[in-house]
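So you can see what is in the structure, the chains are spelled out below.
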Number of protein chains: 2
Amino acid sequence: MKIAITGTGMVGRTLAGFLSRAGHSVTVGTRNAIETMSRTDPNGKPGFKEWAVDFPNVPLKDYSEAAEGAEIIINATHGVKSIEALSTVGSANLDGKVLIDTANAFAYQEGAAPVLAVANTDSLGEQIQRQFPKARVVKTLNTVGAPFMVDPGRLPEGQPTIFVSGNDGDAKSQVIQILKDLFGWEDIVDLGDITTARGPEMFMSLWVRVWGAVKTPLFGFRLLK
Amino acid sequence: MKIAITGTGMVGRTLAGFLSRAGHSVTVGTRNAIETMSRTDPNGKPGFKEWAVDFPNVPLKDYSEAAEGAEIIINATHGVKSIEALSTVGSANLDGKVLIDTANAFAYQEGAAPVLAVANTDSLGEQIQRQFPKARVVKTLNTVGAPFMVDPGRLPEGQPTIFVSGNDGDAKSQVIQILKDLFGWEDIVDLGDITTARGPEMFMSLWVRVWGAVKTPLFGFRLLK
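Draft legend 1. Main features of the overall build of chain A. In terms of regular secondary structure, chain A is built from 10 helices and 11 strands. In summary, chain A has a C-alpha radius of gyration of 17 Å against a globular reference of 17 Å for 225 residues, a match within 12%. The principal-axis extent of the C-alpha atoms belonging to chain A is close to 45 × 40 × 35 Å. When each of the 225 residues of chain A is scored for burial, the buried share is 58%. The contacts of chain A with a sequence gap of at least 6 include a subset with a gap of at least 24, amounting to 73%. Measuring between centres, the 22 positive side-chain charges of chain A sit 2 Å from its 24 negative side-chain charges.

Draft legend 2. Region of the structure containing the relation of the copies chain B and chain A. Note on the identical chains: chain B maps onto chain A by a rotation of 180 degrees and an axial translation of 0.0 Å, with an RMSD of 0.0 Å. Here the symmetry operator amounts to a two-fold rotation axis. Closest approach to the rotation axis among the C-alpha atoms of chain B is made by Phe203 of chain B, whose C-alpha sits 2.3 Å away. Interface overlap between copies is the fraction of interface residues in one copy that are interface residues in the other; for chain B against chain A it reaches 100%, indicating a shared surface.

Draft legend 3. Representation of the pattern of salt bridges. The tally for this structure, following the rule as stated, stands at 18 salt bridges over all chains. The salt bridge involving Glu126 of chain A is made with Arg198 of chain A; its shortest N-O contact spans 2.8 Å. Taken together, the positions of Glu126 of chain A in helix 7 (residues 124-131) and Arg198 of chain A in helix 10 (residues 198-214) put the pair 72 residues apart, joining distant regions of the chain. Arg198 of chain A matches Glu126 of chain A in its accessibility class, with the two residues each being buried. With a shortest N-O distance of 2.9 Å, Asp190 of chain B and Lys172 of chain B are connected by a salt bridge. With Asp190 of chain B in strand 10 (residues 188-192) and Lys172 of chain B in helix 9 (residues 169-183), this residue pair connects regions lying 18 residues apart in the sequence. Within the structure, one salt-bridge network assembled from shared partners comprises Asp101, Lys139 and Glu201 of chain A.

Draft legend 4. How the structure looks around the sheet that holds strand 9 (residues 162-166) of chain A. All names here are of chain A. Read from one edge of the open sheet, 8 strands run 3-2-1-4-5-8-9-10, paired in mixed fashion. Both outer strands of the open sheet, strand 3 (60-62) and strand 10 (188-192), are each paired with one neighbouring strand and no more. Here the average twist between neighbouring strands, direction ignored, is 25 degrees. Across 4 bridges, the pairing between strand 5 (residues 98-101) and strand 8 (residues 136-140) is parallel. Bridge assignment links Leu99 to a residue of strand 8, and that residue is Val137. On the sheet, helix 1 (residues 10-21) packs against strand 1 (2-6), strand 2 (25-30) and strand 4 (72-75) and is oriented at approximately 165 degrees with respect to strand 1.

Draft legend 5. How the structure looks around helix 5 (residues 82-89) of chain A. Residue and element names in this part refer to chain A. Taken as a whole, helix 5 has its buried residues at Ser82, Ala85, Leu86 and Val89. End-on, the buried residues of helix 5 take up no more than an arc of 95 degrees, which puts them together on one face. Looking at the buried side of helix 5, the elements it contacts are strand 1, helix 4 (63-67), strand 4, helix 6 (91-94), strand 5 and helix 7. Backbone geometry just after helix 5 places Gly90 at a positive phi near 95 degrees.

Draft legend 6. View of the interface of chain B and chain A. Listed per partner, the contact involves 36 residues of chain B and 36 residues of chain A. Summing the contributions of chain B and of chain A, the shared interface buries around 3,100 Å²; its carbon and sulfur component is 70%. Looking at the side of chain B facing chain A, the largest losses of area belong to Arg209, Leu224 and Lys225 of chain B, adding up to 23% of the total buried there. Viewed at the interface, chain A and chain B are joined by 0 salt bridges. The interface formed by chain B and chain A includes 8 residue pairs in polar contact (both at pLDDT 80 or more). Of all elements in the fold, only strand 7 (112-116), strand 10, helix 10 (198-214) and strand 11 (220-224) of chain B reach the threshold of two or more residues within the side of chain B that touches chain A. Sorting elements by how many residues they give to the side of chain B that touches chain A places helix 10 of chain B first, with 11 residues. Examined bridge by bridge, strand 11 (residues 220-224) of chain A and strand 11 of chain B share 5 bridges and lie antiparallel to one another. If you follow Leu224 of chain A over to strand 11 of chain B, its bridge partner there is Gly220 of chain B.

Draft legend 7. How the structure looks around the packing of helix 10 of chain A against helix 10 of chain B. Relative orientation of the contacting elements helix 10 of chain A and helix 10 of chain B amounts to 150 degrees, with a least axis distance of 7 Å. Between helix 10 of chain A and helix 10 of chain B, the interaxial angle falls into the category roughly antiparallel. Handedness of the crossing formed by helix 10 of chain A with helix 10 of chain B: left-handed. Residues Arg198, Gly199, Pro200, Met202, Phe203, Ser205, Leu206 and Arg209 of chain A of helix 10 of chain A form the contact with helix 10 of chain B, whose participating residues are Arg198, Gly199, Pro200, Met202, Phe203, Ser205, Leu206 and Arg209 of chain B. Along the lines of polarity and charge, the residues of the contact of helix 10 of chain A with helix 10 of chain B split into 8 nonpolar, 4 polar and 4 charged.

Draft legend 8. Layout of the sheet that holds strand 4 (residues 72-75) of chain B. Strand order in the open sheet formed by 8 strands is 3-2-1-4-5-8-9-10 (chain B), with mixed pairing between adjacent strands. The sheet is open, and its two edges are formed by strand 3 (60-62) and strand 10 of chain B, each paired on a single side. The mean angle between the axes of side-by-side strands here comes to 25 degrees, regardless of whether they run parallel or antiparallel. Helix-sheet contacts for helix 10 of chain A involve strand 9 (162-166) and strand 10 of chain B, and the interaxial angle to strand 10 of chain B is about 100 degrees.

Draft legend 9. The arrangement of the environment of Lys97 of chain B in detail. Tracing the backbone shows Lys97 of chain B in the loop between helix 6 (91-94) and strand 5 (98-101). Apart from the residues within four sequence positions on either side, Lys97 of chain B is in contact with Ala70, Glu71, Ile73, Lys134, Ala135 and Arg136 of chain B.

Draft legend 10. Layout of the confidence of the model for chain A. The pLDDT averaged across chain A works out to 97; a share of 100% of its residues lies at or above 70. Scored by ipTM, the complex comes to 0.97, with pTM at 0.97.

The rules behind each value
- Residues numbered from 1 in each chain as written.
- Chains lettered and ligands numbered in written order.
- Predicted model: local features only at pLDDT ≥ 70, side-chain atom pairs only at ≥ 80, totals over all residues.
- Heavy atoms only, no water.
- Helix = DSSP H or I, 4+ residues; strand = E, 2+ residues; numbered from the N terminus.
- Rg over C-alpha atoms; globule rule 2.2 N^0.38 Å.
- Buried < 20%, exposed > 50% of the residue type's maximum accessible area, 1.4 Å probe, protein only.
- Contact = heavy atoms within 4.5 Å.
- Lys, Arg positive; Asp, Glu negative; His and termini not counted.
- Charge placed at Lys NZ, Arg CZ, Asp CG, Glu CD.
- Least-squares fit on C-alpha atoms with pLDDT ≥ 70 in both.
- Salt bridge = Lys/Arg side-chain N within 4 Å of Asp/Glu carboxyl O.
- Pairing = 2+ DSSP bridges.
- Axes fitted to C-alpha atoms, helices over the stretch in contact; angles between N-to-C directions.
- Arc of directions from axis to C-beta.
- Buried area = accessible area lost by both parts, 1.4 Å probe.
- Polar contact = N/O pair within 3.5 Å; in protein donor to acceptor, adjacent residues only side chain to side chain.
- Parallel < 35°, antiparallel > 145°, perpendicular 65-115°, else oblique.
- Left-handed = near helix turned anticlockwise from the far one by under 90°.
- Nonpolar A, V, L, I, M, F, W, Y, C, P; charged D, E, K, R; others polar.
- pLDDT = per-residue confidence, 0-100.

Right, dumping it as structure tokens:
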């Protein structure tokens, strides 16, 4: 499959690396590819440039160019910048396509847990679907840290549960197939239409506080019946 | 222990019945005890009057009278009415007391999932703590249906995880003891101060949608590490 991923952070890199190694044709999109490749992390973490050394088959391109001809687009940008990023990708590249939205609209605050830039009466998933009405938006994977997305079985106590929300049944089926067959997810709950994205997005308010309590992002939640 | 419970719905009844049978002195508070005892449910469900027949040791009183002399107050009113109800209970009955807040501020909407009357930048737990600064508020149990609160082991797949939030460490320890020893909760996560109540309260946005997806309120979420 030809897959375009917007976003060069942990989520974008994790998904791009995994999908490329699984044999897919992956392109990563960013606002300005030259700028991203020259960037060094202020905290000394590896930049995209260092990551890209191991993935010569994953080209980095400007947003609109990266998405050209892609069958599936994965939004892995920071949630508060997703609408802007996808606008640069452009409707022409999104119309009719499966658009997997993995983002969280965390508005970070000094010395306090982040709040959500959109919540309760709306969600990022819905905002994206409204902005690009012909894209087939599926919200998923936002409730787990990047390492889990492509390796859901990494916890000794078992797999977390993962959720999907979206208006297009065929697009959701295709995404559920990818979650199962490519990534290895076992417990997938289809919550319903895109308005149900409010649930997994607001769940992140609990998620950040559990991280604070258990002192590691390596945890998950499993639905028990 | 002398325990006052505000609210005569499913949560109030479940907690009152269980705690009374466990040998505690329980009083239930309502806005107008005479009115509550004369009420019949418009949907034909048993009213408080019918429930009370089985619990002659659990008196129903007006809010302020019910809370007189109680060591612990449990808020089991509907979240959007909790502040009003607790104001009727009165600071004199709440100051210095452990106040367990189990409520969710669901604002119900015709034909759509409920939104939260408070979320993201504030929470019901915080509102209650601000309104009654000398009460020792502990938010807990709001993330599970009433039957789980006093019987956490009822799911074949295991116990859900439960959360506590609050500013007063001693109050939280006391509540954790009650959760463990009285109700049987095994997996309890202390999220931190009362601002962390935003997490479990916003989680309910996911909870109502999972209910819609799995078609039963008999489910829970377990923290996996």
